[in-house]
Amino acid sequence: MTARKSGSRLETEIERCRSEGQWDKIPELVRQLSAKLISNDDLGELLLGESKLQMYLKENPIKQGSSPRGPRQKLVEVRKHLTAALDRGNLKADYLQEASLLMAKICYIEGEYKDALGHYNRVNLEDMQLAGAPVYRLSMIAEAYATKGLCLEKVPASSPSLSNKNSGSPLTNRTPAEREQEIITCYEKSGDIALLYLQEAEKALSAGIQNRSPKPGPTAQDLELGYFLETGLQRAHVIHFKNGNLTQGVGRFREILRAVETRTTQNLRMTIARQLAEILLRGMCEQSYWSPLEDPPTVSPLDNPTQQGHTYSKNYTLSRRPRVYSGENLFCPQENTEEALLLLLISESMANRDAVLSRIPEHNNDRIISLQSASVVYDLLTIALGRRGQYEMLSECLERAMKFAFEEFHLWYQLALSLMAAGKSARAVKVLKECIRLKPDDPTIPLLAVKLCIGPLHWLDEGEKFGKMVIEMGEKAAEFRAKGYLAIGLVYSLKATDASLRSTQEDYQRKALGAFQRAQSLSPTDHLAAFYLALQLAVSRQIPEALGYVRQALQLQGDDVHSLHLLALLLSAQKHYHDALNIIEMALSEYPENFNLLYTKVKLEAMCRGPEEALLTCKHMLQIWKSFYNLTNPSDSGRGSSLLDRAIADRRQLNAMTLPDFSDPDTVSGSSSSLSGFEPVSPTSPSTVSTLSSPLSSPSSPLYIFQPPPLLTPTKSPPALPPVPSPPPSCPLPPPTKARTHSFCNHVVLQQLSNCNEPPCGPQDANILGFSSMFSVCSVHATSIAASRVEQALSEVASSLQSSAPKHGPLHPWMTLAQIWLHAAEVYIGMSKPAEATACTQEAANLFPTSHNVLYMRGQIAELRGNTDEAKRWYEEALSINPTHVKTMQRLGLILHQLQRYSLSEKVLRDAVQVNSTAHDVWNCLGEVLQAQGNAAAATECFLTALELEASSPILPFTIIPRAL
């Protein structure tokens, strides 16, 4: 009785060691078992053979893709143990099956695939029961199915020596498709049973640790998959993909991922999740996607057409299957990118959790593997999020990757690029500095930093340093050295524009010309070098030389939009307006949505064809803006048409329309006035603009689709307004923030920093749109007005108006729309139509009430109406916001001249000349002031300068063309 109890305890301990893979303890347990129970000598042979076989595989692991051949000297003893156990026949049926499975495993290791298949046919794997089987036997059955699949792949299909034990039909009578299906079935059964084994083993191990004394023992990490179990889990989907059966491969991936996770399969799950995400991103479209909870479609465009009719069908059932996640409130993806993103975020979480960060030499290999695995996940995240324009989210993911990024250039560089795309330019420059430290000989990195410094940030001194880095690389920079000189030239050109002293401007212009000439000599085939050299010559009013280089740029790149634009401006400077208009129309045929070209076209049409054509172009710009940015107001449907829609429907000239035509018919019905409820108010101060009651700006007007949400002021709550138009789909809206009692200037800065889709407009872009002083950081040159005065002016104007700049989305579309309205207002001013000009200016004011351009336009309208004092106040307000706006300074100087305040007028005009020495209108006004003061000699010199500059003055300033790398 004592021997039987002792043997039972030993058998339980042996079973536990076999389940947990503690093979080194088996020989001692077998010795004790043999001493207690003499009749179990055959079981001891089996256990010794199994333990030695497993120890051999642990010391000599089989590598994936290898083909074992020939007998192994160390396996001779294993074969003797198993042969002895099988030959005597004293074992129970279950143990005999186990011995046969182990013998088949040895045959595979030694390359005897046919013998291995013979053992499996004699055992008949299908009859081995999973229900009630010990944990270790689940592992043996899973390995047996995987080994059988491997043997079937190795044995030629024409082998005549094998027969099916069940059917008696030779395997050679089977078709290749049937043979392929049997192989895949073996692997899928192996994978399912392997998952079941790992779940049961982990559960048993956890229970055993809790029941045992609290002394050190094995942990779940001691369980290893091994070659055969890993093959069973991974080989089935590989064959599916190899055969072009993408749907079954994806279905197999999903089955494995839905199984309840164990700690042993964490790395495998991360690998499979990453592979599935890659397939979803690169090999599947939305039309061919199906839900993870559905069965794969029998016919799918994803599959190889040659395999149609030979698709794999799952025709087996298991008595026990691995547990899967189930329950309520489980998230299920609805399309391929969503599922791919979910998988990658899970993989990223696992990669971060299991990151190996230790720098000691013993962990070097593990750390490299951990880094490589994480890098692949982040690269796929870049693809998935980049497709949707979610650069903000991508930059946040890559920031989490910085724990891996010590001395790792790739992750730093990816983070820098994502920050650039997300509009976080300042942080991107700091990250690029680290990239430069890691790769000091790569010229592309400082060039990217220059691009940001020149463009969104306007950090010209920093940009100059980065550009000089490229130049100082010398021959190492190769073809990028010319780009370095190009970057330096752009920095000097922008510094010349920003300089307040004429001597400083000329000095930077000379440096810019020298840099561009050097770039053009180093890279004579680069059209950008020739173009920027032509642009700088044009800014310096060297028109013939500029024409020569712009023609050279067009010979190198005939469809470059900026070169064509520059050519048109140069022709307008030579007073060839019709030729310039032809060039613009030709460029618009290639770039119909380029607003810079359309702005120039409005100016040229007003001069060549009359204001009616110019107004039609403004209407066309509104049409393009509405379709291009797709900003519509859902609440506006069915309530009437906008100005744009009415103009298209009526097929009439815009200038022939009266203000009732611009508004909603419901708002003007029953009114016999020509203004239909719009009574223009002549404000006596800028603050009275809030009393304007234009039907164009009322919430009920269809034109309200172009208007942003109102600014929440701290004094009172704004009235309820219709829903605001949504930004483009590619830019997700940031969460709304509560209004604060800060000035409008702070609101604008915060709005710019929260832009999530595109970088904030740089100074050159802001100048194009006419909002440089408000929306670019360094657009005000060297202002003599204290920051407090600017802040006070912004606050006063913002508080006096009822609307504000849009709170949501990028500023660029709204700035473009406001500029379109201002162009239309300027055309109406040229036609002496102040009411229509006021309506258009009000539309721009609804978007950006504190823009100096809006205030300048109001001043011009006041001048048109003969209200000199009012115009003067508008101009002073505009200059309090942007003290270097030359047009405003010129108009204010002219009004002061009319008021006979000659000294102050001269001061304002001389300041304007200091800002822009090529403005011929300013020189002419200055001459008139000096003449009125009796200074004939100085006046004559000013008039001659004005004539000389007017002879080379373009229709719009050359600086309307963006200067960016």
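Residues numbered from 1 in each chain as written. Predicted model: local features only at pLDDT ≥ 70, side-chain atom pairs only at ≥ 80, totals over all residues. Heavy atoms only, no water.

1. What to know about the overall build of the protein chain
We count it as follows: Elements are defined by DSSP. Helices are runs of H or I of four residues or more, strands are runs of E of two residues or more, and each kind is numbered from the N terminus. Buried residues are those whose accessible area, probed at 1.4 Å on protein chains only, stays under 20% of the maximum for their type, while exposed residues exceed 50% and partly exposed ones sit between those limits. In what follows, a contact means two residues having at least one pair of non-hydrogen atoms within 4.5 Å. Only the protein chains shown count as cover for residues, and all accessible areas are computed by the Shrake-Rupley method using a 1.4 Å probe.
Counting its regular elements, the protein chain contains 41 helices and 0 strands. A burial count over the protein chain gives 55% of its 965 residues as buried. Counting only contacts in the protein chain whose residues sit at least 6 apart along the sequence, the fraction spanning at least 24 positions is 69%. Summed over all atoms, the accessible surface of the protein chain reaches about 42,700 Å², with 52% contributed by carbon and sulfur.

2. Focus: unusual backbone geometry
Although it is not a glycine, glutamate 407 sits at a positive phi angle of roughly 60°. For glutamate 407, the position within the fold is in the loop between helix H14 (391-400) and helix H15 (409-421). Judged by relative accessible area, glutamate 407 falls into the partly exposed class, the value being 39%.

3. Structural notes on helix H38 (residues 886-898)
Here is the rule: Expected span, for any helix, means 1.5 Å times one less than how many residues it has.
The first and last C-alpha atoms of H38 sit 18 Å apart over 13 residues, in line with the 18 Å expected at 1.5 Å per residue. In terms of burial, H38 is a largely internal element, 10 of the 13 residues being buried. Considered for burial, the residues of H38 that qualify are Val886, Thr888, Met889, Gln890, Leu892, Gly893, Leu894, Ile895, Leu896 and His897. Those residues of H38 that are buried lie in contact with helix H36 (852-864), helix H37 (868-881), helix H39 (902-915) and helix H40 (920-932). Looking one or two residues past H38, glutamine 900 carries a phi angle of roughly 65°, positive in sign.

4. Some points on the nonpolar core
The following threshold applies: Here, nonpolar core means buried Ala, Val, Leu, Ile, Met, Phe, Trp, Tyr and Cys residues that are tied together by side-chain atoms lying within 4.5 Å of each other.
If you look at the biggest cluster of nonpolar residues, it comprises 231 residues, and the most contacted ones within it are Leu566, Leu570, Phe595 and Phe958. It is helix H34 (residues 812-830) that provides the largest number of residues to this core, a total of 12 residues. When residues no more than four places from it in sequence are discounted, the contact partners of leucine 566 are Phe531, Ala534, Leu535, Ala538, Val550, Phe958 and Ile961. Of all hydrophobic cores here, the second largest spans 31 residues; its members include Leu892, Val915, Cys942 and Ala946.

5. Side note on the side chain of serine 953
Short version of the rule: Under this definition, polar contacts are N or O atom pairs within 3.5 Å; protein pairs additionally need one hydrogen-donor-capable and one acceptor-capable atom, and for neighbouring residues in sequence, both atoms have to be side-chain atoms.
Here serine 953 shows up in the segment after helix H41 (936-950). Within the local environment of serine 953, its side chain forms a polar contact with the side chain of histidine 920, the two groups lying 3.4 Å apart. In this structure, serine 953 is in contact with Arg541, Ser572, Ala573, Lys575 and His920, ignoring residues within four places of it in sequence.

6. Concerning the packing of H15 against helix H17 (residues 444-457)
Basically, it comes down to this: All axes here are fitted lines through C-alpha atoms, helices being fitted over the stretch that makes contact, and every angle between N-to-C directions spans 0 to 180 degrees. The labels follow the angle: roughly parallel below 35 degrees, roughly antiparallel above 145, roughly perpendicular from 65 to 115, and oblique for the rest. With the far helix as reference, a near helix turned anticlockwise by less than a right angle produces a left-handed crossing, and one turned clockwise produces a right-handed crossing.
Relative to each other, H15 and H17 sit at 20°, their axes nearing to 12 Å. The pairing of H15 with H17 is recorded here as roughly parallel in orientation. You can see that H15 and H17 cross each other, and the crossing is left-handed. Within the contact between the two elements, H15 uses Phe409, Tyr413, Leu417 and Met420 and H17 uses Thr444, Ile445, Leu448 and Leu452.

7. Re the environment of alanine 825
Examined against the element boundaries, alanine 825 turns out to sit in helix H34. Alanine 825 sits 35 residues away from glutamine 860 along the chain, and the two C-alpha atoms are 9.9 Å apart. Sequence-distant contacts of alanine 825, defined by excluding residues within four places in its chain, comprise Ala837, Cys840, Thr841 and Met857.

8. Some points on the environment of glutamine 842
By secondary structure assignment, the location of glutamine 842 is in helix H35 (residues 834-847). Separated by 15 residues in the primary sequence, glutamine 842 and methionine 857 place their C-alpha atoms 10.0 Å from one another.

9. Looking at the packing of aromatic side chains
This is how the line gets drawn: Any Phe, Tyr or Trp ring, taking Trp's six-membered ring, that has another such ring centre within 6.5 Å forms a pair; planes under 30 degrees apart are called stacked, those over 60 apart edge-to-face, and the others tilted. Whether a charge sits over a ring depends on NZ of Lys or CZ of Arg being within 6 Å of the ring centre and within 35 degrees of the ring normal.
Using the criterion set out here, one finds 13 aromatic pairs in the structure. Centroid distance tyrosine 227 to phenylalanine 228: 5.2 Å. Interplanar angle 75°. Geometry classified as edge-to-face. The same class applies to tyrosine 227 as to phenylalanine 228, namely buried. Put simply, the rings of Tyr108, Tyr113, Tyr227 and Phe228 pair up and form one aromatic cluster. Above the face of the tryptophan 290 ring, arginine 254 is positioned so that its terminal group lies 4.8 Å from the ring centre. Residue placement shows lysine 511 over the ring face of tyrosine 492; its charged tip is 5.5 Å from the ring centre.

10. Some remarks on the confidence of the model for the protein chain
Here is the rule we go by: Values of pLDDT, which run from 0 to 100, indicate the predictor's confidence residue by residue.
Predicted confidence across the protein chain gives a mean pLDDT of 76, with 74% of residues reaching 70 or more. Mean pLDDT per element in the protein chain: helix H28 (residues 659-662) is the minimum at 30, and helix H23 (residues 561-573) is the maximum at 95. Contacts from residues 1-6, a stretch scored under 50 in pLDDT, to residues over four places away or in other chains number 3 contacts. Across residues 632-808, confidence stays below pLDDT 50; counting only partners more than four residues off in sequence or on other chains, it has 342 contacts.

11. Quick word on the environment of alanine 428
On the secondary structure map, alanine 428 appears in helix H16 (residues 425-438). For the pair alanine 428 and leucine 452, spaced 24 residues apart in the sequence, the C-alpha separation amounts to 8.3 Å. In this structure, alanine 428 is in contact with Ala416, Leu419, Met420 and Leu452, ignoring residues within four places of it in sequence.

12. What to know about the packing of helix H4 (residues 76-88) against helix H5 (residues 93-109)
Heads up, the rule is: Three residue categories are used. Nonpolar comprises Ala, Val, Leu, Ile, Met, Phe, Trp, Tyr, Cys and Pro, charged comprises Asp, Glu, Lys and Arg, and polar comprises the others, including Gly.
Packing of H4 against H5 brings their axes to within 10 Å, and their N-to-C directions diverge by 150°. Crossing geometry of H4 relative to H5 is assigned as left-handed. For the pair H4 and H5, the contacting residues are Val78, Arg79, Leu82, Thr83, Ala85 and Leu86 in the first and Leu96, Ala99, Ser100, Leu102, Met103, Ile106 and Cys107 in the second. Taken together, the residues of the contact of H4 with H5 sort by class into 10 nonpolar, 2 polar and 1 charged.

13. Describing the state of the cysteines
Going by this rule: By definition, disulfides here are pairs of cysteine sulfur atoms that lie within 2.5 Å.
Enumeration over the complete set of coordinates arrives at 0 disulfides. Cysteine 186 carries a free sulfur, and the closest cysteine sulfur to it, the one in cysteine 151, is 9.8 Å from it.

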